[in-house]
Amino acid sequence: MAVRVVIEGDSASVLSAFKSAGDAAGNFGQQIDHASEKTRGLGSVLGGGMFAAGMAGFNLIKDSVGGLAQSMIGGAAEFERYRTQFGVLLAVGKDGTRDMARGAILAKERLAELAEFGAKTPFDLPQVVQADKILQGFGLHSEETAKKFGFSGKEIRTIAGDLAAGTGSSFSEMATLIGKFASGATGESISRMQELGIVTREQLTGMGLEFSKSGELVSPLPQAMEVVLGAMKSKFGGMMDAQSNTLEGMMSNLQDAIGGTLRGIGEAFLPQIKNVV
């Protein structure tokens, strides 16, 4: 589910409207507090269960008002942090030089891609971003990696997500597992794969990989990586899509849509807020 928010008007008018809304929310919260105090006296008259339910309702409304503003600004600030992190990670070119302007453009594109990816999966945006940063750190998004291992960064991210959905592990752990294997820590990685029921040494041997008598990988790493990723995709491919159709997955996607809407509103006010902080 994709939700687009468009805010028009000059910034002063919009900020004034936002402030008025904030003041109104604050006044509403004070009114709720006042009403809560008034109703406490009814505790001796009403039954304990009825009184507790009424107070819970008051507190829920009060917390929701404050939580809405916090979600808007907090979500925008979090997205800005992601953009900054990816801006630095993606600023380094093939020649090793750092171009921050280029990094900022690529970071914006990557985050838009991750937001779209997260909206279609049972994982929320922070989980997706964290996993993708790990893959980026291991160099699995580079063109060289795609040529070397036969899978692009996007494909590896999808495989990691399907693994997480299928094994019940975190998205970040599966990204790390793949990254470690790609970096040469094959023994540790295969042991973890066996623990999670992903693939065993015996199965990998049947797929053409060779191991020493002590269990160490003998086959070239590019060949092994391609075989392992292929095995993961064959066994767990489509798991995220399946999970997204469950009630839990649908609720996660709905939360992503709401979070994206609130974040979009908050981003419009972020520059003005930063000026007064």
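Residues numbered from 1 in each chain as written. Predicted model: local features only at pLDDT ≥ 70, side-chain atom pairs only at ≥ 80, totals over all residues. Heavy atoms only, no water.

Caption draft 1: Examining the side chain of Gln-136 more closely. By the element assignment, Gln-136 lies in helix α4 (residues 125-137). Exposure remark for Gln-136: the relative accessible area of 18% places this residue in the buried category. (Helix = DSSP H or I, 4+ residues; strand = E, 2+ residues; numbered from the N terminus. Buried < 20%, exposed > 50% of the residue type's maximum accessible area, 1.4 Å probe, protein only.)

Caption draft 2: Examining the side chain of Ser-219 more closely. Tracing the chain through its elements places Ser-219 in the loop between α9 (201-206) and α10 (221-236). Judged by its relative accessible area of 9%, Ser-219 is buried. Among the polar contacts made by the side chain of Ser-219, one reaches the main-chain amide nitrogen of Glu-210 at a distance of 2.7 Å. Once residues lying within four places of it in the same chain are set aside, the contact partners of Ser-219 are Gly-208, Leu-209 and Glu-210. (Polar contact = N/O pair within 3.5 Å; in protein donor to acceptor, adjacent residues only side chain to side chain. Contact = heavy atoms within 4.5 Å.)

Caption draft 3: Quick peek at the nonpolar core. In terms of nonpolar packing, the biggest core is built from 47 residues, with Ile-178, Ile-198 and Met-232 touching the most fellow members. Looking at this core, the elements that each hand over two or more residues are α2 (48-89), α3 (100-119), α4, α6 (153-167), α7 (171-183), α8 (186-196) and α10. In terms of residue count, α10 provides more of this core than any other element does, eight residues in total. Apart from the residues lying within four places of it in its own chain, the contact partners of Ile-198 are Leu-163, Thr-167, Met-174, Leu-177, Met-193, Gln-203, Met-232, Lys-235 and Phe-236. (Core = buried A, V, L, I, M, F, W, Y, C linked by side-chain atoms within 4.5 Å.)

Caption draft 4: Focus on the packing of α7 against α10. Following both chains from N to C, one finds α7 and α10 inclined at 155 degrees, their axes separated by 9 Å at the closest point. By the angle between their directions, the pair α7 and α10 is classed as roughly antiparallel. Along the contact surface, α7 presents Ile-178, Phe-181 and Ala-182, while α10 presents Leu-221, Ala-224, Met-225, Val-228, Leu-229 and Met-232. Its residues assigned to classes, the contact of α7 with α10 comprises nine nonpolar, no polar and no charged. (Axes fitted to C-alpha atoms, helices over the stretch in contact; angles between N-to-C directions. Parallel < 35°, antiparallel > 145°, perpendicular 65-115°, else oblique. Nonpolar A, V, L, I, M, F, W, Y, C, P; charged D, E, K, R; others polar.)

Caption draft 5: How the structure looks around the packing of aromatic side chains. Within this structure, the stated rule accounts for two aromatic pairs. An angle of 35 degrees between the planes, with centres 6.3 Å apart, marks the rings of Phe-117 and Phe-171 as tilted. Of the two residues, Phe-117 sits in helix α3 while Phe-171 sits in helix α7, which places them 54 residues apart along the sequence. Between the aromatic rings of Phe-123 and Phe-171, the centroid separation amounts to 4.9 Å while the plane-to-plane angle is 40 degrees, which identifies the pairing as tilted. With a gap of 48 residues between them, Phe-123 in the loop between α3 and α4 and Phe-171 in helix α7 connect regions that are remote in the sequence. Pair check on accessibility: Phe-123 and Phe-171 agree, each one buried. Through a chain of ring-to-ring contacts, three or more aromatic side chains come together here, namely Phe-117, Phe-123 and Phe-171. Taking the ring centre of Phe-117 as reference, the NZ or CZ of Arg-157 above it sits at 5.1 Å. (Phe/Tyr/Trp six-rings, centres within 6.5 Å; stacked < 30°, edge-to-face > 60°. Lys NZ or Arg CZ within 6 Å of the ring centre and 35° of its normal.)

Caption draft 6: Quick look at the pattern of salt bridges. Overall, the coordinates contain nine salt bridges when judged by the stated rule. One salt bridge in this structure joins Arg-81 and Glu-78, with 4.0 Å as the shortest N-O distance. Here Arg-81 pairs with Glu-78, and both are found in helix α2, just three residues apart, close to one helical turn. With a relative accessible area of 42%, Arg-81 lands in the partly exposed category. The salt bridge involving Arg-192 is made with Glu-195; its shortest N-O contact spans 2.9 Å. On the criterion of helical spacing, the pair formed by Arg-192 and Glu-195 is a turn pair, its members being three residues apart in helix α8. By relative accessible area, Arg-192 is classed as partly exposed at 28%. Here the salt bridges do not stand alone but share partners, grouping Arg-110, Glu-113, Asp-132, Lys-154 and Arg-157 into one network. (Salt bridge = Lys/Arg side-chain N within 4 Å of Asp/Glu carboxyl O.)

Caption draft 7: Summary view of the packing of α6 against α7. Axis separation between α6 and α7 bottoms out at 8 Å; the angle between their running directions is 125 degrees. In terms of orientation, α6 lies oblique with respect to α7. The way α6 lies across α7 gives a crossing that is right-handed. Between α6 and α7, the residues in contact are Ile-156, Arg-157, Ile-159, Ala-160, Gly-161, Leu-163, Ala-164 and Thr-167 and Phe-171, Met-174, Ala-175 and Ile-178, respectively. A breakdown of the residues in the contact of α6 with α7 according to their chemical character gives nine nonpolar, two polar and one charged. (Left-handed = near helix turned anticlockwise from the far one by under 90°.)

Caption draft 8: Inspection of α10 at higher detail. An ideal rise of 1.5 Å per residue puts 22 Å on 16 residues; α10 measures up with 22 Å between its terminal C-alpha atoms. Of all the positions in α10, only Ala-224, Met-225, Val-227, Val-228, Leu-229, Ala-231, Met-232 and Phe-236 are classed as buried. Where the residues of α10 are buried, they touch α5 (143-149), α6, α7, α8, α9 and α11 (239-244). (Expected span 1.5 Å × (residues − 1).)

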